[in-house]
Amino acid sequence: MLNEWLSSVRLRLRAMWKRSQLHRDLEEEISFHLAMREEKLRASGKQPQEAQYAFGNPAKLKEATRMLWTFRWLEDFGQDLHFGMRMLRKSPTFALLAVFTLALGIGATSAIFSFVSAMLLRPLLFHIPNKSQPCIAAYPEEWRATRAIHNIGSFGKAGAT
Amino acid sequence: MEEGALYPALHRLELRGWLASEWGLSENNRRAKYYRLTAAGRKQLAIETKYWTRMTSAIGRVIEANLTQPGRQRC
């Protein structure tokens with residue numbers, strides 16, 4: 001299973017370098033098939049066009065084969081990115097507004113989180129000899145209980161103590 | 001079944017490492033692609049053959065049971 005996957009990825013990566021050769025080879029492989037079939041039909045006194053009917057839709061089959069050799073999702077993703085960039089460049093006001101909104105949101109969230117983390121979640125930087133009597137009196141009563149805990153593991157018990 | 005459906009199938013087998021291909025010359029001196037089974041391909045063929053035999057023999061038994069005792073088995 002893993003071996004199959006590895007061999008497939010190896011071959012597909014190689015196909016990325018030799019894309020045009022792969023296309024030519026496929027073209028040639030299929031035209032060879034058709035030529036041989038036509039010859040056989042002619043030899044048995046039938047219409048050579050019948051080879052095409054029996055073969056099916058060459059364009060569709062070529063596409064299906066090419067799809068096997070490429071990383072379709074990666075190419076789609078690249079095109080989506082490209083398209084997105086083009087759209088943003090087309091309307092710079094919108095792009096600026098979006099960037100500003102994102103910056104504000106991320107900035108505010110991280111600022112609030114670092115405050116909460118330092119105040120409530122992290123243990124105190126110094127040792128409190130008597131935990132039942134926290135030395136910081138400036139905080140409201142309900143904050144003090146959580147401030148006195150020494151690790152996040154006992155956070156849930158904070159209300160009980 | 002379209003003849004052309006052979007090519008996606010061949011390429012799929014090649015990508016899985018069950019077939020290896022190389023270009024050579026055909027009898028009438030045209031460039032042609034030749035496929036051969038790899039060791040992994042032969043192993044897979046044995047597995048698939050076994051599975052196919054098991055399944056067809058199971059189907060055969062079901063049909064036979066239905067023929068000898070009609071009405072007993074209901075599908």
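Numbering of residues starts from 1 in every chain and runs along the sequence as written. Chain A is the first chain written and ligand 1 is the first ligand written, with later ones labelled in order. In keeping with the predicted nature of the model, local features appear solely for residues at pLDDT of at least 70, side-chain atom pairs appear and are counted solely at 80 or more, and the whole-chain, interface and lining totals rest on all residues. Only hydrogens and water are removed before side-chain values are computed, so all heavy atoms of the structure are retained for them.

Draft legend 1. Inspection of the pairing of strand β2 (residues 31–37) of chain B at higher detail. Residues and elements named next belong to chain B. Strand pairing follows a simple DSSP-based rule, namely that at least 2 bridges must link the two strands. For the purposes of this entry, the term helix denotes a DSSP run of H or I that reaches at least four residues, the term strand denotes a run of E that reaches at least two, and both are numbered from the N terminus. Here 7 bridges tie strand β1 (residues 19–25) to β2, and the two strands are oriented antiparallel to one another. Across the sheet, G24 pairs through a bridge with A32, a residue of β2. Counting the residues that bridge the hairpin from β1 to β2 gives 5 residues, and of these N29 lies at a positive phi of roughly 60 degrees.

Draft legend 2. The arrangement of the packing of aromatic side chains in detail. A pair of aromatic rings is counted whenever rings of Phe, Tyr or Trp (Trp by its six-membered ring) have centres within 6.5 Å, and the orientation is called stacked for planes under 30 degrees apart, edge-to-face for over 60 and tilted otherwise. Evaluation of the coordinates by the stated rule reveals 1 aromatic pair over all chains. Measuring from ring centre to ring centre gives 6.1 Å for F55(A) and Y7(B), while their planes differ by 35 degrees; the resulting arrangement is tilted. Of the two residues, F55(A) sits in helix α3 (residues 50–55) while Y7(B) sits in helix α1 (residues 6–15), which places them in two different chains. The two residues F55(A) and Y7(B) agree in class, both being buried. Lying across the ring of F71(A), R12(A) places its NZ or CZ 4.4 Å from the centre. Only protein chains enter the accessibility calculation, which uses a 1.4 Å probe; a residue is then buried when its area is under 20% of its type maximum, exposed when over 50%, and partly exposed in between. Two conditions define a charge located above a ring, namely a distance within 6 Å from the ring centre to NZ of Lys or CZ of Arg, and an angle within 35 degrees of the ring normal.

Draft legend 3. Focus on the packing of helix α4 (residues 58–69) of chain A against α1(B). Following both chains from N to C, one finds α4(A) and α1(B) inclined at 10 degrees, their axes separated by 9 Å at the closest point. Judged by the angle between their axes, α4(A) and α1(B) are roughly parallel. For the pair α4(A) and α1(B), contact is made by L61(A), A64(A), T65(A), L68(A) and W69(A) and by Y7(B), P8(B), H11(B), R12(B), E14(B) and L15(B), respectively. By the convention adopted, Pro, Cys, Tyr, Trp, Phe, Met, Ile, Leu, Val and Ala count as nonpolar, Lys, Arg, Asp and Glu as charged, and the other residues, Gly among them, as polar. Its residues assigned to classes, the contact of α4(A) with α1(B) comprises 7 nonpolar, 2 polar and 2 charged. Only C-alpha atoms enter the line fits that serve as axes; for helices the fit covers just the stretch in contact. Angles between N-to-C directions range over 0 to 180 degrees. Any angle between 65 and 115 degrees counts as roughly perpendicular, while under 35 counts as roughly parallel, over 145 as roughly antiparallel, and the rest as oblique. We call two residues contacting when some pair of their heavy atoms lies within 4.5 Å.

Draft legend 4. Structural view of the interface of chain B and chain A. Of the residues lining the interface, 22 residues belong to chain B; the matching set on chain A comes to 26 residues. Around 2200 Å² of area is buried between chain B and chain A when both sides are counted, 57% of it from carbon and sulfur atoms. For any pair of parts, buried area is found by adding up, for both, the accessible area (1.4 Å probe) each one loses once the two are put together. Considering only the side of chain B, the residues that lose the most area to chain A are E3(B), Y7(B) and L15(B), jointly responsible for 33% of the buried surface there. The term salt bridge refers to a side-chain nitrogen of Lys or Arg lying within 4 Å of a carboxyl oxygen of Asp or Glu. At the junction of chain B and chain A, the tally comes to 5 salt bridges. Among the salt bridges present, the one from E4(A) reaches R16(B), with a minimum N-O distance of 3.8 Å. Counted as a polar contact is a pair of N or O atoms within 3.5 Å, where, for protein atoms, one must be capable of donating a hydrogen and the other of accepting one, and residues adjacent in sequence contribute only when both atoms are in side chains. Run the count over chain B and chain A and you get 13 residue pairs in polar contact (both at pLDDT 80 or more). Counting residues per element, the ones that place at least two in the side of chain B that touches chain A are α1 and β2 of chain B. No other element matches the 6 residues that α1(B) contributes to the side of chain B that touches chain A. Of the residues belonging to the side of chain B that touches chain A, the class tally is 8 nonpolar, 6 polar and 8 charged.

Draft legend 5. Summary view of the environment of L41(A). Residues and elements named next belong to chain A. With respect to the helices and strands, the residue L41 is situated in helix α2 (residues 19–43). Taking the relative accessible area as the measure of exposure, L41 reaches 12% and is therefore buried. The spatial distance from the C-alpha of L41 to the C-alpha of A51 is 7.6 Å, given a sequence separation of 10 residues. Dropping the residues within four chain positions of it, L41 is found in contact with K46, Q47, P48, E50 and A51.

Draft legend 6. Region of interest: the confidence of the model for chain A. All names here are of chain A. The predictor rates its confidence in each residue with pLDDT, a number between 0 and 100. Taken as a whole, chain A shows an average pLDDT of 81; of its residues, 76% reach a score of 70 or greater. Across chain A, element-level confidence peaks in helix α5 (residues 72–90) with a mean pLDDT of 93 and bottoms out in helix α7 (residues 141–147) with 52. Every residue in residues 148–161 scores below 50 in pLDDT, and together they form 16 contacts with partners more than four places removed in sequence or on other chains.

Draft legend 7. View of the side chain of T38(B). Relative to the assigned elements, T38(B) resides in the loop between β2 and α2 (39–68). Once residues lying within four places of it in the same chain are set aside, the contact partners of T38(B) are G17(B), W18(B), L19(B) and A20(B).

Draft legend 8. How the structure looks around the nonpolar core. Among the buried residues, those of types Ala, Val, Leu, Ile, Met, Phe, Trp, Tyr and Cys that are joined through side-chain atoms within 4.5 Å form a nonpolar core. The biggest cluster of nonpolar side chains holds 10 residues, and these are L26(A), I30(A), L34(A), L41(A), A51(A), F55(A), L61(A), Y7(B), L10(B) and L19(B). Put simply, the parts of the chain that give this core at least two residues each are α2 and α3 of chain A together with α1 of chain B. No other element matches α2(A), which puts 4 residues into this core. Of all hydrophobic cores here, the second largest spans 6 residues; its members include L11(A), A15(A), L68(A) and L15(B).

Draft legend 9. Expanded view of the side chain of K33(B). As for its position among the elements, K33(B) is in strand β2. For K33(B), the residues in contact, after removing those within four places along its chain, are E29(A), H11(B), E14(B), S21(B), E22(B) and W23(B).

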